[in-house]
Structure formats: structure tokens, C-alpha cells
Amino acid sequence: MNLSALIGNSRIKDQLSSRGQGRGLSHAYILSGPAGSGRHTLARLLAAGMLCTGAGQRPCGSCGPCSKVMRGIHPDVSLITGSQAGKPIAVDQVRALRADAYIRPNEGERKIYLLEEADQMNPSSQNAMLKLLEEGPPYAVFLLLVENPGGLLQTVCSRCETLALSPVTERECVTWLRTRFPDRPAQEIQQAAAQCQGILGRAVRILEDAASDQERQVLVNKLAAALEQGGELELLEAAMLLDGRGRREELSVLLDALERELGARAVRGGNRRRLLRAAELVRELKGAARLNVNGGQLSGWLCAGMFFRDQESVG
């Protein structure tokens, strides 16, 4: 098995290296580890290895089946999640999966099911799954993705092989992050690697959150400058940057930061009249944002509010 795309985890690589090229793999695995540890990466590599049609080591990464698996569009690989967000896989879903498993594969030699948060399934769902693990068709493969293997029934665990993902070293994390984020400063890469506790997904979130914070601050500075000193055109151009910020949570965070920046500028001795008026308007926009008003509407409200109040003060 070619598992070079999985960072670290030499024990798992050794465990699977003796299984030959895909066909020697088990029909059921428990992939355990915290969120961000590489469970989905490993699941895709296992699925690709089982379906790969390339020569040499599997997965080759370049044949049609490998490409489809990595892009999440292979018809013989199914991701099973709860029917509703935050809900575990239900017993009815397992029964539907069982019926589907007896339909032969569309393109490949195997039919592979990835079960998200399998440790959250209740005993009824797990017992329904147990029959598949014991007596399923020979071409069916089940990959149970879990954070806590202790949440699985012992009868389920005993019929699966466990692959427990380990944290990577800080050096491995730094090397991988440099490839993933080639434009980020070395200091930020090092800090993320030191803070993530060996979980690559956490390191990615740390860097992405930092990038979002920087982008947000740039936008806040532009808006605050326009509100304090800009004319109608400058304010319009700055306010249009709110358009496209459609998520309510993101808009709320942005407006909170803008209100703080306006207050800080007023304390530093800026144009207090305009800054205080702008802060009052931003507080109104925050209330509107909680009512699902989108960024485009808020940008228009911001411009109209400042223009109208400027005219009122002149009049």
C-alpha cells in the first residue's frame, strides 16, 4: 500500500504494508483518532487502494478510480452521515445501507462505505450494522470513522481491524504546513505546529483563522477610515466590501470589530462627531444582522444612514 500521503503514523503504515496491493485488505476497519488527525485521508487512501487499476503500488493516485475517489465522486464509495446535522447514523439508515450493500458494485471490484461518527450510533444501529460485518457480501467494505472507539459495542470492535491514528511530530507538521501554505511566514507555520498538539487539521484551522482575522482587520480599517473621513464615493466603495459576507456569524463578528475600531479612533482624538454617529449606526446594523439581513443590504443601509445623517446635521 502506498500511504505516503498520510503524514507520520508509521505504525499504521507498517500494519498495512504487509497486506499487498489493496486486495489483501480487510473488509472492515475502525479508523480512530481526534478530528483533524487524518481519518478521512486514510479512509480515502484505503478506498483508492482497493479500487485502483494502476500498475505498481496502490493507490497509484493517477488512474481513473483513484482520481474519482480523491474527488469524492466514485460511485462505489459512499459516505454515510446522520440524516440531520448533529444527529448520529440511525437504524433506518443502516437498514438502507444493508440493502444497498447487496447491489453489486457499479465500476470496481469493491463497494466501500465510510460511516461518519460511527461511535455515536446507538446500540440498535450498531446491532443492525453487526449483521453486515458478519455476513455481508464479499465485495463490501466498511470503514468506521470514530473519535472514541469505546463508543462502539465490543461485538462490533471484534469484527473490525482497528487503525489508531497518532499525533505527528512538530517537525513533520512544519514540513507539511510549508507545503500546504507556501506563502505563510515561517513564524506563523512554526507557531501553528507548536499549538496543534500534533493534529494537522487543528494546525490548518489555526492558520486559516489567522488569515481570516487579518483579512477582517483590513476590511475594518477601510470601513472605519471611510466612516471617519471619507466622502460619499469612498464610503460607498468601502461599504460594498460587506456584500458577499453572507453568513450571519461572520457579519456579527465583523460589525463587532468595526464598532471597537470606531471607539478606539474616537479615543485617539479622531473626528469624534462622525465616529460616534457611525458607531450608533453600526449598533443598528448589528441588530439587523441578527435578523438575517445580508451583507448587501447592510452595505446599502450603512451608506444611506451616513448620507442621511450628514444631510440632517447640515440642515
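Only a predicted model underlies this, so the values are computations on that prediction, with no experimental measurement involved.

## Some words on the layout of surface pockets
Link 1 in the chain: Of the pockets and cavities examined, the largest pocket occupies roughly 280 Å³.
Link 2 in the chain: As for the largest pocket, its lining consists of 17 residues, of which Gly36, Ser37, Gly38, Arg39 and Thr41 are closest to the centre.
Link 3 in the chain: Looking at which element gives the most residues to the lining of the largest pocket, the answer is helix H2 (residues 39-51), with four residues.
Link 4 in the chain: Residue composition of the lining of the largest pocket, grouped by class: eight nonpolar, seven polar and two charged.
Link 5 in the chain: The space that makes up the second largest pocket amounts to roughly 170 Å³.

## Quick word on the pattern of salt bridges
Link 1 in the chain: Counted according to the given criterion, the structure contains 11 salt bridges.
Link 2 in the chain: Arg265 serves as the salt-bridge partner of Glu261, at 2.9 Å between the closest nitrogen and oxygen. In this pair, Glu261 and Arg265 are both assigned in helix H11 (residues 248-267), four residues apart and thus about one turn of the helix distant. Neither residue differs from the other here; Glu261 and Arg265 are each classed as buried.

## Structural notes on the packing of helix H7 (residues 170-180) against helix H9 (residues 200-229)
Link 1 in the chain: Two elements in contact, H7 and H9, have axes whose closest approach is 11 Å; the angle formed by their N-to-C orientations is 50°. Comparing their axes, H9 and H7 come out oblique. Note that H7 runs across H9; the crossing there is right-handed. Mapping the contact onto sequence places Cys173, Trp176, Leu177 and Arg180 in H7 and Leu200, Ala203, Val204, Leu207 and Glu208 in H9.
Link 2 in the chain: Within the contact of H7 with H9, the residues separate by chemical class into seven nonpolar, no polar and two charged.

## Considerations on the environment of Thr41
Link 1 in the chain: Summarising the element assignment, Thr41 is placed in helix H2.
Link 2 in the chain: Given a relative accessible area of 26%, Thr41 falls into the partly exposed group.
Link 3 in the chain: Residues Thr41 and Ala5 lie 36 residues apart in sequence; the distance between their C-alpha atoms is 7.8 Å.

## Looking at the sheet that holds strand S3 (residues 111-115)
Link 1 in the chain: Judged by pairing direction, the sheet is parallel, and its five strands sit side by side in the order S2-S3-S4-S1-S5 without closing on themselves. Strand pairing shows two members of the sheet lacking a second neighbour, strand S2 (77-80) and strand S5 (161-164), which therefore form its edges. Ignoring which end each strand starts from, the neighbouring axes of this sheet average 20° apart.
Link 2 in the chain: As paired elements, strand S1 (residues 28-32) and strand S4 (residues 140-146) share five bridges and run parallel to each other. Its bridge partner lying in S4, Leu31 is registered against Leu145.

## With respect to the nonpolar core
General note: in soluble globular proteins, nonpolar side chains tend to be found buried as a group.
Link 1 in the chain: Core analysis: the biggest nonpolar cluster contains 27 residues, and Leu16, Tyr29, Leu42, Leu46 and Leu143 have the highest contact counts within it.
Link 2 in the chain: Secondary structure elements with two or more residues in this core: helix H1 (10-17), S1, H2, helix H3 (64-71), S3 and S4.
Link 3 in the chain: By residue number, the principal contributor to this core is H2, which donates eight residues.
Link 4 in the chain: Leave out the neighbours within four places in its chain, and Leu46 touches Met1, Leu16, Leu25, Tyr29, Leu31, Leu143 and Leu163.
Link 5 in the chain: In terms of nonpolar packing, the next biggest core, distinct from the first, is built from 25 residues, Val94, Leu132, Ala140 and Leu152 among them.

Conventions and cut-offs
Residues numbered from 1 in each chain as written. Predicted model: local features only at pLDDT ≥ 70, side-chain atom pairs only at ≥ 80, totals over all residues. Heavy atoms only, no water. 1 Å grid on protein atoms, 1.4 Å probe; cavity = no way out; pocket = protein on both sides within 12 Å on 5 of 7 lines; lining within 4 Å. Points joined across faces, edges and corners; volume = space filled by probe spheres on them. Helix = DSSP H or I, 4+ residues; strand = E, 2+ residues; numbered from the N terminus. Nonpolar A, V, L, I, M, F, W, Y, C, P; charged D, E, K, R; others polar. Salt bridge = Lys/Arg side-chain N within 4 Å of Asp/Glu carboxyl O. Buried < 20%, exposed > 50% of the residue type's maximum accessible area, 1.4 Å probe, protein only. Axes fitted to C-alpha atoms, helices over the stretch in contact; angles between N-to-C directions. Parallel < 35°, antiparallel > 145°, perpendicular 65-115°, else oblique. Left-handed = near helix turned anticlockwise from the far one by under 90°. Contact = heavy atoms within 4.5 Å. Pairing = 2+ DSSP bridges. Core = buried A, V, L, I, M, F, W, Y, C linked by side-chain atoms within 4.5 Å.

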